[in-house]
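# Overview (structure and organization)
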Amino acid sequence: MHTIQFDNQFLKKLPADCESGNYVRQVHDACYSMVEPIKVSQPQLVAYSSKVAEQLDFSSDFCDSDEFVEVFSGNKQLDGMQPYAMCYGGHQFGNWAGQLGDGRAINLGQLINSKNERYILQLKGAGPTPYSRSADGLAVLRSSVREFLCSEAMYHLGVPTTRALSVVLTGEQVVRDMFYDGNPEPEPGAIVCRVSPCFTRFGSFEIFTSRGQTGVLEQLVNYTIDNDFPALGKPCREVYLQWFREVCEHTARLMVDWMRVGFVHGVMNTDNMSITGLTIDYGPYGWLENYDPQWTPNTTDAQGKRYRYGHQPQIAQWNLFKLANAIYPLIKQAQPLQEMLNHYAEFYNSSWQTMMASKLGLVEFNGDEDEALIMDLLNTLKLVETDMTIFFRRLTEVDVSNPHQSDDEFLAPLIDAYYVEDQLTNTYKSKMADWLRRYTQRLATNSLSTSDRIKLMNSVNPKYVLRNYLAQLAIDKSAQGDHSLVNEILEVMRNPYEAQPGKEKFAQKRPDWARHRPGCSMLSCSS
Ligand code: AMP
Ligand code: MG
């Protein structure tokens, strides 16, 4: 095996907390605090991602060893690891929340692989840090399996994301009040090892500006440009603006991808927004089952639904506005920042149009005509409970060569997408069939062969997504000591755009028992 090499640039280049004790405090003028993971009693492997292991040059012998479990439960460190927790702040649900920081995440170090790529390894749930506020620094099995599976599913869907190497049980019990309803219960404790080139958040910049620490702000911005945006060149005011423009574009692309696959993050606070445009911090996220722009999985957000599916692109812009405020001391002019925020909206809109066109198999988006076609489809999808993933995937099976089919014939290939048979009234069916007739006409002017159109559609409309109930079934089994379903789902989610014979059950719509089951449709921030 290639020797595992670490080069902890974040520690070398940026200022450290001068206090070394592990107690809760406000940390000033520093980007991180050194802190050790706690030791756990009986670490046990639940699963690891062989694809992530490969990227890190970890051999399967190492991944199957006791040493691996010891290292990724925080019990043992490899040479070169220097554990630290990062300082950041954030706007939570629209309000400035002050210092947050890695309250239960501990970075082990920055690994360099044989291709000279750098990855930070981070344990989530490895014990308290100076940023833990009143919480325990721990995580439970259900949220850890959810993060592990979802980060890998997102990666293979082509959505920018942090990855997950492993999930281990600690052997300890952790008490959680899952629905904040006064019923705390012990749950199995677990630790995920997250992997990403960068864990810096919008809130990492906001904290310094909120405290008037422009010197550290500048150091962190320069570091981020040098390390995560090296193509921009040597940091200076002009480059800061180009950098902000890139952040806006990365964020827009991420939103387009979330909208494409029906992902709802659930807690888009500025501390959960990656500066490199990755999906980060998998908490009470969920996947759209029936297409409903108002839906959020997060019961903590049930009232205002700030982070509902259809609102994510606007929230991202609001978060970018907070980031613009945070870097303002380096720019000292509002107008260029405002221009970038406007650019975000334009860039998002045009990317969304191209994405939606590709979901329909159209080579290009043709202005108002296609805008109306797409909006009418989305409005029709909302009328009755329609599974978004199945609908778009099955759209390729509609016979578009015969506009004279009956409504029922048109709808036949899509019928599995509907949750409630009684909702399929004649009025609804004729509306949907009319839309399909229009779609058929539109395809006549599309310059793609049928097979190329289907290829395009199948490359953007996944067959398999991490349906909420699937993750829950895997968690239930794992809690009984059987981790086979975690591994099976991990495997299926590796090829989400391909039909996988024998795995069709993972592509089916949510069964009725899961409609109101906690963990399947309702989640809270408790994890
Ligand atoms: P989140 O909304 O889950 O991203 O968390 C917001 C903040 O709370 C972050 O600073 C987390 O590190 C911190 N946090 C969440 N859960 C815990 C926990 N169990 N122990 C310590 N800190 C936590
Ligand atoms: Mg967070």
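About the cut-offs
Residues numbered from 1 in each chain as written. Chains lettered and ligands numbered in written order. Predicted model: local features only at pLDDT ≥ 70, side-chain atom pairs only at ≥ 80, totals over all residues. Heavy atoms only, no water. Domains from an automatic or database assignment. Contact = heavy atoms within 4.5 Å. Buried area = accessible area lost by both parts, 1.4 Å probe. Salt bridge = Lys/Arg side-chain N within 4 Å of Asp/Glu carboxyl O. Polar contact = N/O pair within 3.5 Å; in protein donor to acceptor, adjacent residues only side chain to side chain. Donors = N, O, S within 2.8 Å, 3.2 Å for Na, K, Ca; no water. Buried < 20%, exposed > 50% of the residue type's maximum accessible area, 1.4 Å probe, protein only. Near = heavy atom within 4 Å. Areas by Shrake-Rupley, 256 points an atom, 1.4 Å probe, with all protein chains shown as cover. Nonpolar A, V, L, I, M, F, W, Y, C, P; charged D, E, K, R; others polar. 1 Å grid on protein atoms, 1.4 Å probe; cavity = no way out; pocket = protein on both sides within 12 Å on 5 of 7 lines; lining within 4 Å. Points joined across faces, edges and corners; volume = space filled by probe spheres on them. Helix = DSSP H or I, 4+ residues; strand = E, 2+ residues; numbered from the N terminus. Axes fitted to C-alpha atoms, helices over the stretch in contact; angles between N-to-C directions. Parallel < 35°, antiparallel > 145°, perpendicular 65-115°, else oblique. Disulfide = S-S within 2.5 Å. Left-handed = near helix turned anticlockwise from the far one by under 90°. Core = buried A, V, L, I, M, F, W, Y, C linked by side-chain atoms within 4.5 Å.

### Here we look at the domain arrangement of the protein chain
Split by domain assignment, the protein chain resolves into domain 1 (5-201), domain 2 (203-358) and domain 3 (364-445). With 45 residues of domain 1 at the contact, the number on the domain 2 side is 49 residues. Taking both sides of the interface into account, the surface hidden between domain 1 and domain 2 amounts to around 3,800 Å²; carbon and sulfur atoms contribute 58%. Of all residues in domain 1, His91, Phe93 and Arg201 bury the most surface against domain 2, accounting for 21% of the area lost on that side. We note a salt bridge from Arg194 to Asp281, for which the minimum N-O separation is 2.9 Å. On inspection of domain 1 and its partner domain 2, the count reaches 23 residue pairs in polar contact (both at pLDDT 80 or more).

### What to know about the coordination of the magnesium ion (ligand 2)
Here the magnesium ion (ligand 2) is held by the protein donor atoms Asn272 (OD1) and Asp281 (OD), which lie 1.9 to 2.2 Å from it. Classification of Asp281 by relative accessible area gives buried; the value is 14%.

### Digging into the site of ligand 1
Taken together, 16 residues lie around ligand 1, and Gly101, Gly103, Arg133, Gly137 and Asn272 are the ones closest in. Here Arg133 contributes a side-chain N or O atom positioned 2.6 Å from an oxygen atom of ligand 1. Here a nitrogen atom of ligand 1 sits 3.2 Å away from a polar atom, N or O, in the side chain of Asp136. In the complex, the protein chains occlude 82% of the 480 Å² of accessible area that ligand 1 would expose alone. Tallied by class, residues from the shell around ligand 1 come to 3 nonpolar, 6 polar and 7 charged. When residues of the shell around ligand 1 are sorted by domain, at least three fall in each of domain 1 (5-201) and domain 2 (203-358).

### Observations regarding empty space enclosed by the protein
Inspection of every chain in the model, using the stated rule, returns 4 cavities of 30 Å³ or more. For the largest cavity, the lining is made up of 13 residues, of which Arg142, Arg146, Leu523, Ser524 and Ser526 are closest to its centre. When residues of the lining of the largest cavity are assigned to their parent elements, the largest contribution, 3 residues, is made by helix H5 (residues 141-157). For the lining of the largest cavity, the per-class residue count stands at 4 nonpolar, 7 polar and 2 charged. By volume, the second largest cavity is sized at about 60 Å³. Together, Ile38, Val40, Gly125, Leu138, Ala139, Thr170, Glu172, Val174, Gly189, Ala190 and Ile191 line the second largest cavity. Residue assignment for the lining of the second largest cavity shows that the elements contributing at least two residues are strand E9 (163-176) and strand E10 (185-196).

### Considerations on the packing of helix H7 (residues 214-228) against helix H9 (residues 312-331)
In the contact formed by H7 and H9, the axes pass within 10 Å of each other and the chain directions differ by 100 degrees. Judged by the angle between their axes, H7 and H9 are roughly perpendicular. Of the residues in H9, those touching H7 at Thr214, Leu217, Glu218 and Val221 are Ala326, Ile327, Pro329 and Leu330. For the contact of H7 with H9, a count of residues per class yields 6 nonpolar, 1 polar and 1 charged.

### With respect to the state of the cysteines
Taken as a whole and assessed by the stated rule, the structure comprises 0 disulfides. The cysteine Cys63 is free of any disulfide, with Cys193 supplying the nearest cysteine sulfur at 11 Å. Free of any disulfide, Cys520 has its nearest neighbouring cysteine sulfur in Cys150, separated by 14 Å. With a relative accessible area of 1%, Cys520 lands in the buried category.

### A few points about the packing of H9 against helix H10 (residues 334-359)
It is the contact of H9 with H10, at a shortest axis distance of 10 Å, that shows an interaxial angle of 155 degrees. Relative to H10, H9 is oriented roughly antiparallel. Of the two possible hands of crossing, H9 and H10 adopt the one that is right-handed. When H9 is examined against H10, the residues Pro313, Ala316, Gln317, Leu320, Phe321, Ala324, Ile327, Tyr328 and Ile331 are found in contact with a partner set consisting of Ala334, Pro336, Leu337, Leu341, Tyr344, Ala345 and Tyr348. The residue makeup of the contact of H9 with H10, split by class, is 15 nonpolar, 1 polar and no charged.

### Quick word on the nonpolar core
Counting residues in hydrophobic clusters, the biggest one holds 168 residues, and the most contacted among them are Phe58, Phe72, Leu121 and Leu395. A total of 14 residues in this core trace back to one element, the largest contributor, which is helix H8 (residues 237-261).

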